[in-house]
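Chain by chain, the residues run as shown.
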Amino acid sequence: MKTFDPLIVNRGTSRCARALPFHFLRRGARSRMRDAARLFLVLMSATFVLTVVFEAASWVSASAQERMDRAISTSIDVQPADLIAQPAGENWLSYHGDYTGRRFSGLVGITPANVSQLKAQWVFHARDVSDLEVTPIVAGGIMFVTAANDAYALDARTGRIIWHYSRPVTEGLIDDASQHHNRGVAIWRSRVFLETDNAHLLCLDGRSGHLLWDVAYAEGNKNYGATSAPLVVKDKVIVGTSGGDDGVRGFVSAFDAQTGKLAWRFWSIPGPGEPGSESWPGEAYLRGGGTTWMPGTYDPELNTLYWGTSNPAPDFDGGPRPGDDLYTDCVLALDPDTGKLKWHFQFTPHDLFDYDATETPVLIDLPYKGQPRKLLVQANRNGFLYVLDRTNGEFLSAAPFVDRLNWTKEIDAHGRPVLTGARPSPEGTEVCPGFAGATNWYSPSYNPNTHQLYFLALEDCGIFFFKPGNFAEGRAYYATGVRRSRGAKSEKILLAYDLDNGKFAWKYPQAGERDSAAGTVSTAAGLVFFGDNAQALEAVDAKTGAPLWHFTTGQSIHASPMTYAVLGKQYVAIAAGTDIFSFALP
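Everything numeric in this text was worked out from a predicted model, so none of it was measured.

### Examining the sheet that holds strand β26 (residues 445-447)
Then comes step 1: On the basis of which strands lie adjacent, the open sheet formed by four strands has the order β26-β27-β30-β31 and antiparallel pairing. Two strands close off the open sheet at either side, each with one partner strand: β26 and β31 (503-509). Averaged over all adjacent pairs, the angle separating strand axes in this sheet is 30°, with direction ignored.
Then comes step 2: Relative to strand β27 (residues 452-459), β26 runs antiparallel, the two being bridged by three bridges. In the strand pairing of β27, Tyr446 is matched with Leu453.

This is the structure we're talking about:
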């Protein structure tokens, strides 16, 4: 029998009967009636099946649409137990993703096999700001981002604004604070915490963006500022300041998350009579630097907070600050309940080159020389990657990760540099690494599956000049400055350092000269995402460094990427220029 056109079948039985072959119509009446009845039953059955299929398809389509149209709840309740969880998964609840500083995600939706299909899903534009340095926070499908003194809550699926808190930028600030950069928020229960450019800690209602309280936490010197993201530990919000090049006294402070009341403060520059005060004669301690302008990490098992400090001031003149200049260029191990110092390790004693130690102290549990150890790993601005025992600060190893390095010959068995004698001078001295450091605040990441640390390195040198100067509020306190070496070409390189053998697994040199300050994020699926030096977000294979995907944003990237999921769909987000980009598979 002839096969019927489904379009004719769907028009009903009378049209189908008229479409039957002529010889069928010439049969006997009884035969025609019997065959017609059979055909009627067949057609009715087919119509029923098709109806069921179409209705099922419509139901599936409607369900998918309903899933996409489902409103994101603004009922936010991030508990302390949520912040302790690791690795980061669907949510990205703090600047580093979790307390370890690893920037590692357990999400596996985007893989080396399908990452080439990654597409931009949405772009959010922040108005009236300079280049963003924020890492987005995501909780329950809501993304929180900052731009200067503004905070936004966005639908993480679409980039649409849920609420916006705005405060004017502060006039009269200097140096880093005058650029009004902000690296993001912290979240606790239904509250969102934000540092402002003039070092106020704000508490916002995460459901509405309404201001709940405002605490000024750095007073007594107009050169203070803040550019960081806060860190919440238990029921305390922990913050630091910027201004290490401007003659302020650095500190880490903790505030009660509920009331905003000061819980404790640790001064990174010791006062008269305190251990380490011999470096700070007279009132030099009041302007010694050592600021704490990046968020630290936290070990709940040891109940220890790890926080990096910046360079001493004045930057290039060591005369006013003899000795090691504690606690500048250090990682501090603090009790988060009291602020008491447990131990410290100083990477660059008596720093003359602005080698801040505010780079992320990454917490890794791994055998070291055959013995299980709780490690702290930091790729430092001075050009060495350090491995410490985080239980007591014991120095374990240091490996150079740049070729151009002339300020020290090596790091000795106790972790102290063996100096070459290079120092800033009135006529200028070439020093490597340069003023920007061999790496900087842009975030590293660590993959516990590969045992590799991924970070961006900078091969560069600078001509360092020295000229004594006096401190004054409203002015930087560098004691002169730095210029680029003539004819020297800088190079950015993505590095993978293998913690098992203490060697570099691979190196991925960057094209372009955009001077990016973009960090990394690694995933359980075996990817490393990072912002390259040519205005693109890239993905490479975590095991080999092979490039797999890139998206050119058309803007310089001065932020670190992150990844999250909403309703089972994985996204990757990064700030570039004045925009937030979010990517996902089709």
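### Section: the nonpolar core
Then comes step 1: Of all hydrophobic cores here, the largest spans 95 residues; its most connected members are Met143, Phe144, Phe193, Phe529 and Tyr564.
Then comes step 2: Per element, the largest residue contribution to this core is six residues, and it comes from strand β37 (residues 569-576).
Then comes step 3: If near-sequence neighbours (up to four positions away) are discounted, Phe144 is found in contact with Ile76, Pro136, Ile137, Tyr152, Ala153, Trp163, Val185, Ile187, Val192 and Gly206.
Then comes step 4: The next biggest cluster of nonpolar side chains, apart from the first, holds 45 residues, and it includes Leu363, Leu376, Leu405 and Tyr478.

### Things to note about the environment of Phe255
Then comes step 1: Inspection of the secondary structure puts Phe255 in strand β13 (residues 251-256).
Then comes step 2: Overall, the relative accessible area of 3% leaves Phe255 in the buried class.
Then comes step 3: For Phe255, the residues in contact, after removing those within four places along its chain, are Leu201, Val215, Tyr217, Asp235, Lys236, Val237, Val239, Gly260, Lys261, Leu262, Ala263 and Arg265.

### Regarding the layout of surface pockets
Then comes step 1: As a volume, the largest pocket reaches approximately 890 Å³.
Then comes step 2: If you trace the largest pocket, you find 41 residues lining it, with Arg381, Phe435, Ala436, Asn440 and Trp441 closest to the centre.
Then comes step 3: Elements supplying a minimum of two residues to the lining of the largest pocket: β29 (482-484) and β30 (491-498).
Then comes step 4: Of the residues that constitute the lining of the largest pocket, the class distribution is ten nonpolar, 16 polar and 15 charged.
Then comes step 5: Lining the second largest pocket are 18 residues, with Val78, Asn91, Leu93, Ala139 and Gly140 sitting closest to its centre.
Then comes step 6: Of the residues that constitute the lining of the second largest pocket, the class distribution is nine nonpolar, six polar and three charged.

### Let's talk about the side chain of Thr429
Then comes step 1: Relative to the helices and strands, Thr429 is located in strand β25 (residues 429-431).
Then comes step 2: When near neighbours in sequence (up to four residues on either side) are disregarded, Thr429 contacts Arg423, Pro424, Gly462, Ile463 and Phe464.

How each quantity is defined
- Residues numbered from 1 in each chain as written.
- Predicted model: local features only at pLDDT ≥ 70, side-chain atom pairs only at ≥ 80, totals over all residues.
- Heavy atoms only, no water.
- Pairing = 2+ DSSP bridges.
- Helix = DSSP H or I, 4+ residues; strand = E, 2+ residues; numbered from the N terminus.
- Axes fitted to C-alpha atoms, helices over the stretch in contact; angles between N-to-C directions.
- Core = buried A, V, L, I, M, F, W, Y, C linked by side-chain atoms within 4.5 Å.
- Buried < 20%, exposed > 50% of the residue type's maximum accessible area, 1.4 Å probe, protein only.
- Contact = heavy atoms within 4.5 Å.
- 1 Å grid on protein atoms, 1.4 Å probe; cavity = no way out; pocket = protein on both sides within 12 Å on 5 of 7 lines; lining within 4 Å.
- Points joined across faces, edges and corners; volume = space filled by probe spheres on them.
- Nonpolar A, V, L, I, M, F, W, Y, C, P; charged D, E, K, R; others polar.

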